[in-house]
Amino acid sequence: AGLPMARQDALRSTPDEILQRHFGAARHRQRYVNFTLFWRGMEAILQSAGVFNNSGFSEEMLQVIASLRHFRDLLLELDAATTPVAEL
């Protein structure tokens, strides 16, 4: 009974710990969470809590979603590689 362990751990985390763990703004040399970081972070939080649901979509829609996720991740990699450290 009770909450799953992942949810219990999430409840014990501070907001800063959650932002660092799931949104990774510091890894991308940013002091804010932009849309792409937010999107990936929210998916990570839902997955770690065991409540991420990717069902109910057609195979074509799942391919579109996977393509958009891949594009998002490429944008985040590009941003991390090109943002000068001096902007901090």
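Going by the structure above, here's the rest.
The structure presented is a predicted model; accordingly, all values stated were derived computationally and were not measured.

**Student:** Can you walk me through the pattern of salt bridges in this structure?
**Tutor:** Side chains that differ in charge, positive against negative, can pair when their charged atoms come close. Within the structure shown, the criterion is met by three salt bridges. Arginine 72 serves as the salt-bridge partner of glutamate 43, at 3.1 Å between the closest nitrogen and oxygen. Remark: arginine 72 occurs in helix H4 (residues 59-82) and glutamate 43 occurs in helix H3 (residues 35-48); sequence separation between them is 29 residues. In this structure, arginine 72 engages aspartate 73 in a salt bridge whose closest nitrogen and oxygen atoms are separated by 3.0 Å. A relative accessible area of 5% means that arginine 72 is categorised as buried. Its relative accessible area of 25% is what places aspartate 73 among the partly exposed residues. Connected via shared salt-bridge partners are Glu43, Arg69, Arg72 and Asp73.

**Student:** What is the right way to read the packing of H3 against H4 from this model?
**Tutor:** Packed helix pairs are specified by the crossing angle of their axes together with the interaxial distance, meaning the distance between the axes. Running from amino to carboxyl end, H3 crosses H4 at an angle of 120 degrees, the nearest separation of the two axes being 10 Å. Here H3 lies oblique to H4, going by the angle between them. Crossing handedness for the pair H3 and H4: left-handed. On H4, the residues touching Thr36, Leu37, Trp39, Arg40 and Glu43 of H3 are Leu68, Arg69, Arg72, Asp73, Leu75 and Leu76. Of the residues that constitute the contact of H3 with H4, the class distribution is five nonpolar, one polar and five charged.

Parameters and conventions
Note that residues are indexed from 1 along each chain, following the sequence as it is written. Per-residue local features are limited, in this predicted model, to residues with pLDDT of at least 70; the limit for side-chain atom pairs, both in listing and counting, is 80 or more; totals at the level of whole chains, interfaces and linings are taken over all residues. To get the side-chain values, take all heavy atoms of the structure and skip hydrogens and water. Between Lys or Arg on one side and Asp or Glu on the other, a salt bridge is scored when a side-chain nitrogen of the former is within 4 Å of a carboxyl oxygen of the latter. Helix and strand definitions follow DSSP, with helices as H or I runs of at least four residues and strands as E runs of at least two, each counted in order from the N terminus. Exposure is judged per residue with a 1.4 Å probe applied to protein chains only, and the accessible area is read against the type maximum: over 50% gives exposed, under 20% gives buried, and values in between give partly exposed. Orientation is described by lines fitted to C-alpha atoms, with helices fitted over the stretch in contact, and by angles between N-to-C directions that extend from 0 to 180 degrees. For this classification, under 35 degrees means roughly parallel, over 145 means roughly antiparallel, 65 to 115 means roughly perpendicular, and everything else is oblique. Crossing handedness is read from the near helix: turned anticlockwise from the far helix by less than a right angle, it gives a left-handed crossing, and turned clockwise, a right-handed one. Contacts are residue-level and defined by heavy atoms, with any inter-residue pair within 4.5 Å sufficient. Any residue outside Ala, Val, Leu, Ile, Met, Phe, Trp, Tyr, Cys, Pro, Asp, Glu, Lys and Arg is labelled polar, Gly included; the first ten of those are nonpolar and the last four are charged.

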